[in-house]
Every structure is written in C-alpha cells, then in structure tokens.
Amino acid sequence: MNATELAALEKRVHVITRPEPALLWMYFVTSLALLCAAPIALIPLYFRYHTLWYRFDPTGVSMGYGILFRREMQLTYARMQDIHLSQNILERWLGIGTVTVQTAGSGAAGNLMIVGVKDFNAIRDYLYAKMRGVRSEPHEAHPAAGTADGVLVEIRDALQEAAAAIAAKKVP
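Predicted, not measured: the structure shown is a model, and the values here were computed from it.

Counting secondary structure elements, the protein contains six helices and six strands. Along its sequence from the N terminus, the protein presents helices and strands in the succession α-α-α-β-β-β-β-α-β-β-α-α. The burial tally for the protein puts 33% of its 172 residues in the buried class. The long-range fraction of contacts in the protein, counting pairs at least 24 apart against all pairs at least 6 apart in sequence, stands at 50%. With an accessible surface of roughly 10,800 Å², the protein has 64% of that area assigned to carbon and sulfur atoms.

Right, here's the structure in full:
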C-alpha cells in the first residue's frame with residue numbers, strides 16, 4: 001500500500017466516530033427475540049448505542065461507552081496482534097459489521113470491538129497498514145553500531161550481501 005492509498009484510507013476511517021443507526025435496529029430486533037424480557041434487555045443496549053464512540057489517531061484506536069459504568073479502551077498500533085471481521089445474519093442484512101482487534105496476553109478482555117460500522121473493510125485495511133508501519137519502523141532506522149539491535153542489523157546486512165554474491169556466481 002503506497003502513501004496515497006494510506007492517506008485516502010486514513011481520511012475514510014478517521015471520520016468514523018459513532019456506530020451506524022442500523023446497530024440500534026439490530027439491538028432492538030435482538031431484544032425482541034427475548035419476548036417478555038425485551039424491555040429489560042433493550043434499555044442497556046439503547047444506552048450503550050447512544051454512548052458508544054470511536055477515535056482513530058496517529059498513535060492508536062480508542063473506544064468507550066457507558067453511563068453508570070464507563071468503559072474506555074485505548075490500544076496502540078504496536079500492541080495489535082490480529083484483526084478479525086464478523087457479521088451475523090442481522091448485521092449482514094443491515095449492512096454493518098464488527099471489527100475485533102486482538103492483543104497479546106489479555107485474553108478476550110483485551111480485545112477491542114468496533115461494532116456497527118458500515119466501512120469495516122476500510123477499518124481493517126487501515127489498521128493492518130498501521131500495524132505494519134509500526135512494526136517496520138525500527139528496521140528502517142539503523143540503530144547505532146555496538147548495540148544489540150545494531151549487531152543484528154549488521155548480521156542481517158552481511159547475510160543479504162552473501163546471498164546476493166552466491167546468487168550472482170550461480171548465474172552463468
């Protein structure tokens with residue numbers, strides 16, 4: 001992905017700050033499935049929808065929700081391990097999806113879920129690009145010689161030169 005594509009993707013993703021109204025419809029239909037408990041189930045889902053927010057910034061992703069019990073989660077791009085997309089049958093019908101960002105060592109509690117968004121494929125592509133960018137930055141900047149990272153970079157460069165020399169000799 002080149003810089004122009006990443007900039008266009010960044011513009012599309014950074015405007016996503018709230019879930020789509022279709023998520024409220026999904027919550028309503030889901031609570032109706034409980035029949036007599038529908039009002040009890042719908043009230044917390046209603047407040048969750050109206051307080052849910054997302055923020056994509058240069059350092060990571062943030063999300064939060066709640067009135068009585070607030071929950072906020074910030075996740076840097078460096079901590080992200082994997083990204084999953086999911087759509088149940090109602091989400092597919094409403095044209096929305098869920099992006100789950102997994103982190104290492106936290107279990108399910110450390111997963112950040114971006115629910116009820118239409119442009120979930122763009123979010124996934126953006127997050128993967130940011131993850132790759134974060135992970136490749138230390139390799140682009142050459143560490144000082146003598147440090148552990150500097151020694152590893154020197155070994156890598158020497159191995160690449162040796163491989164190139166061997167490949168050059170095999171070709172007649």
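What follows concerns helix α3 (residues 38–51). For α3, built from 14 residues, the straight-helix expectation of 20 Å at 1.5 Å per residue is met to within 8% by its first-to-last C-alpha distance of 20 Å. Considered for burial, the residues of α3 that qualify are A38, A41, Y49 and T51.

As a further point, take the nonpolar core. Counting 33 residues, the largest nonpolar core has Y54, F56, I114, I123 and L127 as the members making the most contacts within it. Among the elements that line this core, the one with the most residues is helix α5 (residues 120–140), at six residues. Beyond its immediate stretch of four places on either side in the chain, Y54 contacts I16, T17, R18, P19, S62, M63, M113, I114, V115 and V117.

Our focus in this paragraph is the pattern of salt bridges. On inspection of all chains with the given rule, the structure shows five salt bridges. The salt bridge partner of R124 is D125, with a shortest N-O separation of 3.3 Å.

This next bit is on the sheet that holds strand β5 (residues 97–103). Strand order in this open sheet of three strands is β4-β5-β6, and the pairing throughout is antiparallel. In this open sheet, the two edge strands, each paired with only one partner strand, are β4 (80–86) and β6 (112–117). Averaged over all pairs of adjacent strands, the angle between their axes in this sheet comes to 15°, without regard to strand direction. For β5 and β6, the ladder comprises four bridges, and the chain directions are antiparallel. Looking at the pairing, G97 lines up with V117 of β6.

The subject of this paragraph is the packing of aromatic side chains. All chains considered together, the criterion is met by four aromatic pairs. Note on F56 and Y126: the rings are 6.3 Å apart at their centroids and 85° apart in plane angle, and the pair reads as edge-to-face. Of the two residues, F56 sits in strand β1 (residues 53–56) while Y126 sits in helix α5, which places them 70 residues apart along the sequence. For the ring pair Y77 and Y126, a centre distance of 6.3 Å and an interplane angle of 85° mean the geometry is edge-to-face.

We now examine the packing of helix α2 (residues 21–32) against α3. When two helices pack together, their arrangement is given by the angle between their axes and by how far apart the axes lie. Direction vectors running N to C along α2 and α3 enclose 165°, while the axes themselves pass 8 Å from each other. Relative to α3, the element α2 lies roughly antiparallel. Seen along the crossing, α2 lies across α3 with a hand that is right-handed. Taking contact as the criterion, the partners of P21, L23, L24, Y27, F28, S31 and L32 in α2 are, on α3, A38, A41, L42, L45, Y46, R48, Y49 and H50. Of the residues that constitute the contact of α2 with α3, the class distribution is twelve nonpolar, two polar and one charged.

The subject of this paragraph is the sheet that holds strand β2 (residues 60–65). Spatial strand order, β1-β2-β3: three strands in an open sheet with antiparallel pairing. Bordering the open sheet on either side are β1 and β3 (71–76), each of which pairs with just one other strand. The average angle at which neighbouring strand axes cross in this sheet is 10°, direction not considered.

What counts and what doesn't
- Residues numbered from 1 in each chain as written.
- Predicted model: local features only at pLDDT ≥ 70, side-chain atom pairs only at ≥ 80, totals over all residues.
- Heavy atoms only, no water.
- Helix = DSSP H or I, 4+ residues; strand = E, 2+ residues; numbered from the N terminus.
- Buried < 20%, exposed > 50% of the residue type's maximum accessible area, 1.4 Å probe, protein only.
- Contact = heavy atoms within 4.5 Å.
- Areas by Shrake-Rupley, 256 points an atom, 1.4 Å probe, with all protein chains shown as cover.
- Expected span 1.5 Å × (residues − 1).
- Core = buried A, V, L, I, M, F, W, Y, C linked by side-chain atoms within 4.5 Å.
- Salt bridge = Lys/Arg side-chain N within 4 Å of Asp/Glu carboxyl O.
- Pairing = 2+ DSSP bridges.
- Axes fitted to C-alpha atoms, helices over the stretch in contact; angles between N-to-C directions.
- Phe/Tyr/Trp six-rings, centres within 6.5 Å; stacked < 30°, edge-to-face > 60°.
- Parallel < 35°, antiparallel > 145°, perpendicular 65-115°, else oblique.
- Left-handed = near helix turned anticlockwise from the far one by under 90°.
- Nonpolar A, V, L, I, M, F, W, Y, C, P; charged D, E, K, R; others polar.

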